[in-house]
Amino acid sequence: MIRTLHRWPGLVAAILLAIIALSGAALSVYPAMEAMKAPGASGMSVAELASRVQAAEPTVEQIRRAPSGKITAYFYKGDQPAAAIIDPQTGASLGAADVPALQRWLTNLHRSLFLGDGGRIVVAAGAAAMLTLSLSGLLLLTRRAGGWQQLFSPLRGQGQGRRHSAIARLSVWGLMLSSTTALWMSAATFGFVPEGAGAPAFPAVVSGEVGLVPADIAALQQVSVDGFRSLTFPVAGDKTDVFTLRTASGEGYIDQGTGALLVWNDADVWQRTSDMIMLLHTGHGAAVLGLVLGFSALGVPLMGWSGLRLWLAGRTGRKRVGTPAGGAETIILVGSEGGSTWGFAHTLETALTATGARVHTAAMSAFAPDEWKKARRIILLAATYGQGEAPASASDFLDRLAALPEPPAAPVAILGFGDRSFPSFCGFAEKIGRAAEAKGWKLLLPMDTVDRQSPQDFARWGRALSAAIGTAFDLNHQPTKPKTRDLVLVSRRDYGAEVQAPTSILRFALPKVPFWQRLTGRAFPAFEAGDLIGIVPEGSVVPRFYSLASGSRDGFAEICVRKQPGGLCSTQLTLMEPGDRVQVFLRHNPAFRPRRGRTPVILIGAGTGIGPLAGFARNNAKARPMHLFFGARHPSSDALYAEELAAWQEDGRLCSLTTAYSRGSAPIYVQDVLRRDGERVARLLREGAQVMVCGGRDMAAGVAQALGEILAGKGMSLASLKAEGRYAEDVY
């Protein structure tokens, strides 16, 4: 049992663990380098440090001290933000504070594999596998040695088994520590660990005085740089602002006119534990430990290789299934984001193979026509992602095609997949068609499209392909229906009839299942506001997706639906009455939810786009600063969630609510009120605010343009917000 528990996580996750371990080993060098370079500041007070930095950089906005001792100042050069490493003895700059590109690359690889929250989940699973491997491996080592007392006695055996054990005996201790701390940090990232005390509420009353320099502030004189984390200066000329001081022991605010400590939160056990976990995992503040953990991580790829060879030694060879690309007559390449296009590819491959054809199917990212010596035709099945963009499995196809010195010899057939109700219907397939024409690539038949995964469209195209290649076959595609659950409608609220835009807020009860079924994973999956619910309408197997306005902790699933002319799903939904059932399934959408922390959140939506934004406000029990900008047609007909929004303002879940009605007494759109409140929006963004936009594409485009204008000349841009993960869209 222990051997099985040790073998399969290692075999399945070998490559993932090697990537995580090697990137972690490389990163372990940086804390040591940083500690060696950091100038000493032991015994200095924060007041002295801040005064020296302010004298050297009068526009300083913040000073931070890393656990390694490195001190960084953030300030302005002209109208551009800048950051520099500081010599604490003089306050002078020692050079730019930019993180080396290689270190950023390694960090992103190590934390998320460049895949955002989905990648973080994969890395967390890798950490769990590593902990399982470490514990089971330690038990196997103990058994092999003959007991705990003999664990460090000379190893027995020879060959790969002995080498595997020797490496494991050195590495297992560091790997257990690294994987355990990694799991804690992953749990903290996704909110399963309390955040700690954090910053206290902003003081309601300040002196209104200004001008006190850091050197004269007693609260700063009493804090040693050794325990210092950060000091944020008040905005110049803002009499309501304060100094924000954060140390290893807590965080609080200091009056800029009197120097009084206005309010303070001591770091609680959760914050102190998180700080210790961070130190143990990264080595920041404990460089020697970091190097030891890095050395331990180097054993992972070595053990992975030796373990794989041990496993292969007991296995016989397996026959290769399918036609290799080099011997195939027909090459089918798939560009798919959600995976449904692969089902059509399988139907096509099966039909062609039944005629005796040799067929090879792969992702479009595997485009390599020079290797397809026997190919007589190339068939591209291309879905579209977003606004005419390439899906995940075709990310570099156009670049590869453009790089060819001449077009492929085999002619091409292009079939696009999409939804005709979207402006960019089959936009990526059209880009391929234009690129093929520019390259001079011969077409086997004109480009065609499949709307909403229609089997009829696919069969029609199949008949054209059959005639073009002179081989008789039919494409009878049977879409795989997603596994669904029934939800019962419990209430509905209707809006928008007066402005010819019927809209409903539909609330469904979550199915109740026995405890033992929840343990076996048969309960309805947990979800958060902003996740997507797929609804399969009667008479179709193609789901429609709606953003959830609630989380599973609310005890119900809620969506906003506007009836679309001719819309099969929206018509059925808006005709439902309490007690009616609908078939649904869940799709998580981790890219569209507020980031953890206390920084402000700017919510912008119009129409049914209010749904997930209302859900974020509903679940903002900790009164994080949230500011909602909401656009609708008329206040008397489609002011969705009006009662709740007012209540959430009263209890602090919403800091502010700004509405825009395009058909009210003073018509205005949501992007216009953003421009009107541009200074406030810019201030929130300077404070680190995240922007979340939900609604129609035209609205989103207008919002993006308005924000671009607001940010112009303020040292920020929409591109920088997106790069920092501070701008998220859920657009339809």
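Attention in this report is confined to the structure presented alongside it. Since the structure is predicted, the reported quantities are computational estimates derived from the model, not experimental observations.

What follows is about the packing of aromatic side chains. Following the criterion strictly, the structure yields 13 aromatic pairs and no others. Residues Trp184 and Trp270 carry aromatic rings whose centres are separated by 6.1 Å and whose planes lie at 25° to one another, so their mutual orientation is stacked. With Trp184 in helix 7 (residues 159–189) and Trp270 in helix 9 (residues 269–282), this residue pair connects regions lying 86 residues apart in the sequence. By relative accessible area, Trp270 is classed as partly exposed at 35%.

On to the pattern of salt bridges. With the rule as written, the count across this model stands at 22 salt bridges. Linking Glu644 and Arg493 is a salt bridge whose minimum nitrogen-to-oxygen distance equals 2.6 Å. Of the two residues, Glu644 sits in helix 19 (residues 642–650) while Arg493 sits in strand 14 (residues 485–495), which places them 151 residues apart along the sequence. Classification of Arg493 by relative accessible area gives partly exposed; the value is 28%. Salt-bridge contacts for Arg653 lead to Asp651; the nearest nitrogen and oxygen are separated by 3.2 Å. A residue is classified by how much of its surface remains accessible, and Asp651, at 44% relative accessible area, is partly exposed. Among the charged side chains, a salt-bridge network with shared partners connects Arg507, Asp554, Glu558 and Arg618.

What follows is about helix 9. Taking 1.5 Å of rise per residue, 14 residues should cover 20 Å, and helix 9 covers 20 Å from first to last C-alpha, within 8% of that figure. Residues Gln271, Ser274, Ile277, His281 and Thr282 constitute the buried set of helix 9. Axial view of helix 9: buried residues confined to an arc of 125°, hence all on one face. Of the residues trailing helix 9, Gly283 is marked for its positive phi of about 80°.

Okay, the sheet that holds strand 24 (residues 727–731) next. Ordered in space as 22-21-20-23-24, the 5 strands form an open sheet in which the pairing is parallel. Here the strands that pair on one side only, and so sit at the sheet edges, are strand 22 (656–661) and strand 24. Adjacent strand axes in the sheet meet at a mean angle of 10° when their direction is disregarded. Relative to strand 24, strand 23 (residues 690–695) runs parallel, the two sharing 5 bridges. Bridge pairing links Gly695 to Val731 in strand 24. The strands that helix 21 (residues 678–686) touches are strand 20 (601–606), strand 21 (626–632), strand 22 and strand 23; relative to strand 21, the one it contacts most, it runs at about 140°.

This part covers the environment of Arg595. The residue Arg595 is located in the loop between strand 19 (581–587) and strand 20 in this model. For Arg595 and Arg726, which are 131 residues apart along the polypeptide, the C-alpha to C-alpha distance reads 8.3 Å. Non-local contacts of Arg595, meaning those with residues more than four positions away in its chain, are made with Arg624, Gly688, Gln690, Glu724, Gly725 and Arg726.

On to a nonpolar patch on the surface, then. Taken together, Leu22, Phe295 and Leu298 make up a surface patch of nonpolar side chains, about 300 Å² in accessible area. With respect to the secondary-structure elements, Leu22 resides in helix 2 (residues 14–27).

Glancing now at the sheet that holds strand 9 (residues 330–335). Pairing is parallel across the open sheet formed by 5 strands, whose spatial order is 10-9-11-12-13. At either margin of the open sheet sits one strand with a lone partner, and together these are strand 10 (359–363) and strand 13 (448–451). Adjacent strand axes in the sheet meet at a mean angle of 20° when their direction is disregarded. With 5 bridges connecting them, strand 9 and strand 10 associate as parallel partners. Each residue of the ladder has a partner; that of Thr330, found in strand 10, is Val359. Here helix 12 (residues 340–354) sits on the sheet in contact with strand 9, strand 10, strand 11 (377–383) and strand 12 (412–418), set at roughly 170° to strand 9. The sheet contacts of helix 15 (residues 455–469) involve strand 11, strand 12 and strand 13, and relative to strand 13 the element is tilted by about 155°.

Procedures and definitions
- Residues numbered from 1 in each chain as written.
- Predicted model: local features only at pLDDT ≥ 70, side-chain atom pairs only at ≥ 80, totals over all residues.
- Heavy atoms only, no water.
- Phe/Tyr/Trp six-rings, centres within 6.5 Å; stacked < 30°, edge-to-face > 60°.
- Helix = DSSP H or I, 4+ residues; strand = E, 2+ residues; numbered from the N terminus.
- Buried < 20%, exposed > 50% of the residue type's maximum accessible area, 1.4 Å probe, protein only.
- Salt bridge = Lys/Arg side-chain N within 4 Å of Asp/Glu carboxyl O.
- Expected span 1.5 Å × (residues − 1).
- Arc of directions from axis to C-beta.
- Pairing = 2+ DSSP bridges.
- Axes fitted to C-alpha atoms, helices over the stretch in contact; angles between N-to-C directions.
- Contact = heavy atoms within 4.5 Å.
- Patch = residues over 30% accessible without salt bridge, like charges linked within 9 Å, V, L, I, M, F, W, Y side chains within 5 Å.
- Areas by Shrake-Rupley, 256 points an atom, 1.4 Å probe, with all protein chains shown as cover.

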